[in-house]
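Now for the letters of each chain:
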Amino acid sequence: AQLVGSGGGLVQPGGALRLSCAASGFTFSGYGMSWHRQAPGKECELVASISNGGATTNYADSVKGRFTISRDNAKSTVYLQMSSLKPEDTAVYYCKAMNWRTIWGQGTQVTVSS
């Protein structure tokens, strides 16, 4: 079972990025998915989550209205569309699959700076 995240990079404040996380080796549609982030010197925090069918989503207050989580079960991929990015969004972003077990992806760095 594997999750491979991509799409991070350097972006100016106010810009946008889309993160992707591709799953393999397990039944993606049976797992809830989430994105987490960890900034230097801070604890890892939940950013957004989505149910296995995609009907239910939840967001941290700090990203509501700016980030959108979505998934394509046919492609076994979960996305995080980030807009109106702020310097405080700078962090390593991780995707996670949740069911009877938890599977973490490798992180992808997002840096918001002018």
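Below, the structure is looked at part by part. (Residues numbered from 1 in each chain as written. Predicted model: local features only at pLDDT ≥ 70, side-chain atom pairs only at ≥ 80, totals over all residues. Heavy atoms only, no water.)

## Topic: the state of the cysteines
Here the structure, examined in full by the defined rule, presents one disulfide. Between the sulfur atoms of Cys-21 and its disulfide mate Cys-95 the distance is 2.0 Å. Between Cys-21 and Cys-95, the disulfide has an S-S torsion of 55° and is therefore right-handed. Of this pair, Cys-21 sits in strand E3 (residues 17-24) while Cys-95 sits in strand E9 (residues 91-98), and the two are 74 residues apart along the sequence. (Disulfide = S-S within 2.5 Å. Helix = DSSP H or I, 4+ residues; strand = E, 2+ residues; numbered from the N terminus.)

## Thoughts on the sheet that holds strand E7 (residues 67-72)
Reading across from one edge, E1-E3-E8-E7 is the order of the four strands in this open sheet, with antiparallel pairing throughout. Both edges of this open sheet fall to strand E1 (2-6) and E7, since each of them pairs with a single strand only. Ignoring strand direction, the axes of neighbouring strands in this sheet form an average angle of 15°. Examined bridge by bridge, E7 and strand E8 (residues 77-82) share six bridges and lie antiparallel to one another. When the bridges of E8 are listed, Ser-70 appears paired with Tyr-79. (Pairing = 2+ DSSP bridges. Axes fitted to C-alpha atoms, helices over the stretch in contact; angles between N-to-C directions.)

## Digging into the pattern of salt bridges
When their charged atoms lie close together, side chains carrying opposite charge are able to pair. Tallying each qualifying case throughout the model produces four salt bridges. With a shortest N-O distance of 2.7 Å, Asp-89 and Arg-66 are connected by a salt bridge. Here the residue Asp-89 occupies a position in the loop between E8 and E9, and Arg-66 occupies one in the loop between strand E6 (57-59) and E7, the gap between them amounting to 23 residues. Via salt bridges that share partners, Arg-37, Glu-45, Arg-66 and Asp-89 belong to a single interconnected network. (Salt bridge = Lys/Arg side-chain N within 4 Å of Asp/Glu carboxyl O.)

## Considering the environment of Glu-43
Topologically, Glu-43 is positioned in the loop between strand E4 (32-38) and strand E5 (45-50). Given a relative accessible area of 71%, Glu-43 falls into the exposed group. In the structure, Glu-43 is positioned 62 residues away from Gly-105 in sequence and 17 Å away in space, judged by C-alpha atoms. (Buried < 20%, exposed > 50% of the residue type's maximum accessible area, 1.4 Å probe, protein only.)

Without other data, these values stay purely geometric and don't point to any function.
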